[in-house]
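Here is what each chain is made of, one letter per residue.
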Amino acid sequence: MSSQTADVLGSIRVRPLHAAPASPGLGAEITGVDLRAIDDTDFATIHRAWVDHQVLLFRGQSLSDPDLAAFSRRFGDLDHAPIQENGQTIASFMPEIYVVSNVIENGVAIGSLGYGEAVWHTDMSYLRSPPKASMLYALEIPPTGGDTSFVDMYEAFEALPPSLRDRALGLRVKHDGTYNSGGYVRQGVTPTDDPRDAPGTMHPLVCTHPDSGRRMLYLGRRRMAWLEGFGLAESEALLDEIWAHATRKQFVWTHEWRVGDLVLWDNRCTMHRRDPFDEKTRRVMHRTQVKGAAPPAA
Ligand code: OGA
Ligand code: MN
């Protein structure tokens with residue numbers, strides 16, 4: 001049976017998108033499914049694929065905010081969205097929905113992260129218990145730009161030079177809570193130049209994923225990071241080396257969005273970033289985040 005026929009018949013299929021040499025590989029597209037109407041068998045397939053492939057793409061969906069929240073809740077309770085950059089909370093949206101958008105209405109930004117680059121990061125890892133999954137649903141997409149990339153933190157760990165790998169095991173890194181990925185200062189935070197004084201949470205630099213049992217690098221974000229117990233210069237130098245390695249192209253998969261795409265990622269064993277786009281165009285995305293626990297040290 002061709003995949004086309006399978007789609008028409010509605011049987012769910014998993015198509016890997018990025019074949020890594022030694023693992024199932026980052027990224028898979030799930031076809032033949034309407035996320036408004038999945039049964040437990042479909043969910044089991046989706047969950048398995050998510051553990052195996054870390055990032056899942058579902059195209060051609062038509063989801064309201066309650067539909068998006070209902071599918072998200074299959075993975076667990078939802079975290080409330082972080083506070084928007086301008087401190088605004090929009091009453092008409094559910095508190096679980098984080099609006100990512102550059103659109104300004106009546107002088108007020110309807111969402112976060114603007115139109116610039118969103119640098120590599122893990123969502124909300126400045127918290128003690130960061131979300132285990134996030135999903136982003138595309139409502140409006142600019143003609144070009146705004147692609148979102150994901151990096152495989154299992155592969156990044158496994159490919160570390162042995163000396164660096166040994167050094168990384170046992171270290172802890174501060175995940176900064178000053179800046180969001182768009183470079184905006186979070187509400188209520190007074191920025192400092194010294195990452196040691198910044199708000200945030202220490203997490204092990206190498207963690208074991210609770211579902212897959214695989215070891216991964218857990219970095220959070222580069223700006224204002226600090227390796228516990230290190231002098232600032234020494235911490236910066238080692239972090240630069242690890243980050244340069246972890247974000248190499250060979251570990252990255254990039255998604256070009258279409259309206260109706262839903263991308264679900266494992267927020268522990270991947271990081272993501274977004275390309276900038278033309279500020280005169282519109283991009284509107286709705287995100288949910290599923291409650292999780294900090295991944296344990298390897
Ligand atoms: C997010 C995020 C990037 C994007 O929603 O967590 O980082 O592509 N979004 O909008
Ligand atoms: Mn993010």
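**Considerations on the packing of aromatic side chains**
A complete count under the given rule lists 6 aromatic pairs for this structure. Plain terms: the ring middles of F71 and F75 are 5.7 Å apart, the flat faces sit at 85° to each other, and that makes the pair edge-to-face. Under the relative-accessibility criterion, F75 is labelled buried at 6%. With centroids separated by 6.0 Å and ring planes inclined at 25°, the aromatic side chains of F150 and W253 adopt a geometry described as stacked. One end of the pair, F150, is in strand β11 (residues 148-152); the other, W253, is in strand β17 (residues 252-255), with 103 residues separating them in the sequence. As far as the burial class goes, F150 and W253 line up, both buried. Linked through ring pairs, F43, W50, F58, F71 and F75 together constitute an aromatic cluster. Cation over ring: R223 sits above Y179, and NZ or CZ is 3.5 Å from the ring centre.

**Section: the environment of I83**
Take I83: it is sitting in the loop between β4 (78-79) and β5 (98-101). The sequence separation of I83 and R186 amounts to 103 residues, and the corresponding C-alpha distance is 7.8 Å.

**Comments concerning the nonpolar core**
Counting 31 residues, the largest nonpolar core has M153, L205, L217, L219 and L227 as its most contacted members. Those elements that provide at least two residues to this core are α4 (153-158), α5 (162-168), β14 (206-208), β15 (215-217), β16 (226-227) and α6 (232-246). With 5 residues, the top contributor of residues to this core is α6. Among the nonpolar cores identified, the runner-up in size contains 26 residues, and V33, F43, L63 and I97 belong to it.

**Concerning the coordination of the manganese ion (ligand 2)**
Tetrahedral coordination by four donors sets the ideal angle at the metal to 109.5 degrees; octahedral coordination by six donors sets it to 90 or 180 degrees. Those protein atoms acting as donors to the manganese ion (ligand 2) are H121 (NE2), D123 (OD) and H272 (NE2), and they sit at 2.1 Å. Of note, the donors binding the manganese ion (ligand 2) are all from one chain and are spaced H-x1-D-x148-H. Linking D123 in the loop between β9 (118-121) and β10 (133-140) with H272 in strand β19 (residues 270-274), this pair joins segments that are 149 residues apart in sequence. The exposure class assigned to D123 is buried, which follows from its relative accessible area of 3%.

**Focus on unusual backbone geometry**
At N106, a residue that is not glycine, the phi angle is positive and equals roughly 50°. The topology assignment puts N106 in the loop between β6 (104-105) and β7 (108-109). A relative accessible area of 83% places N106 in the exposed class. Despite not being glycine, L113 shows a phi value in the positive range, around 80°. Mapped onto the secondary structure, L113 falls in strand β8 (residues 112-113). The exposure class of L113 is buried, given its relative accessible area of 11%.

**Comments concerning the sheet that holds β16**
The strand order β13-β12-β16 describes an open sheet built from 3 strands, whose pairing is antiparallel. Whereas interior strands pair on both sides, the edge strands pair on one side only; in this sheet they are β13 (200-204) and β16. With 2 bridges joining them, strand β12 (residues 172-176) and β16 adopt antiparallel strand pairing. What sits directly across from V173, in β16, is L227.

**Some points on the sheet that holds β9**
A sheet is described by the order of its strands in space; here 4 strands give the open sequence β9-β19-β11-β17, paired in antiparallel fashion. With one partner strand each, in any of the chains shown, β9 and β17 form the two edges of the open sheet. Neighbouring strand axes in the sheet, compared pairwise and without regard to direction, differ in orientation by 15° on average. With 5 bridges connecting them, β11 and β19 associate as antiparallel partners. Along β19, the bridge assignment pairs V151 with M271.

Analysis parameters
Residues numbered from 1 in each chain as written. Chains lettered and ligands numbered in written order. Predicted model: local features only at pLDDT ≥ 70, side-chain atom pairs only at ≥ 80, totals over all residues. Heavy atoms only, no water. Phe/Tyr/Trp six-rings, centres within 6.5 Å; stacked < 30°, edge-to-face > 60°. Buried < 20%, exposed > 50% of the residue type's maximum accessible area, 1.4 Å probe, protein only. Helix = DSSP H or I, 4+ residues; strand = E, 2+ residues; numbered from the N terminus. Lys NZ or Arg CZ within 6 Å of the ring centre and 35° of its normal. Core = buried A, V, L, I, M, F, W, Y, C linked by side-chain atoms within 4.5 Å. Donors = N, O, S within 2.8 Å, 3.2 Å for Na, K, Ca; no water. Pairing = 2+ DSSP bridges. Axes fitted to C-alpha atoms, helices over the stretch in contact; angles between N-to-C directions.

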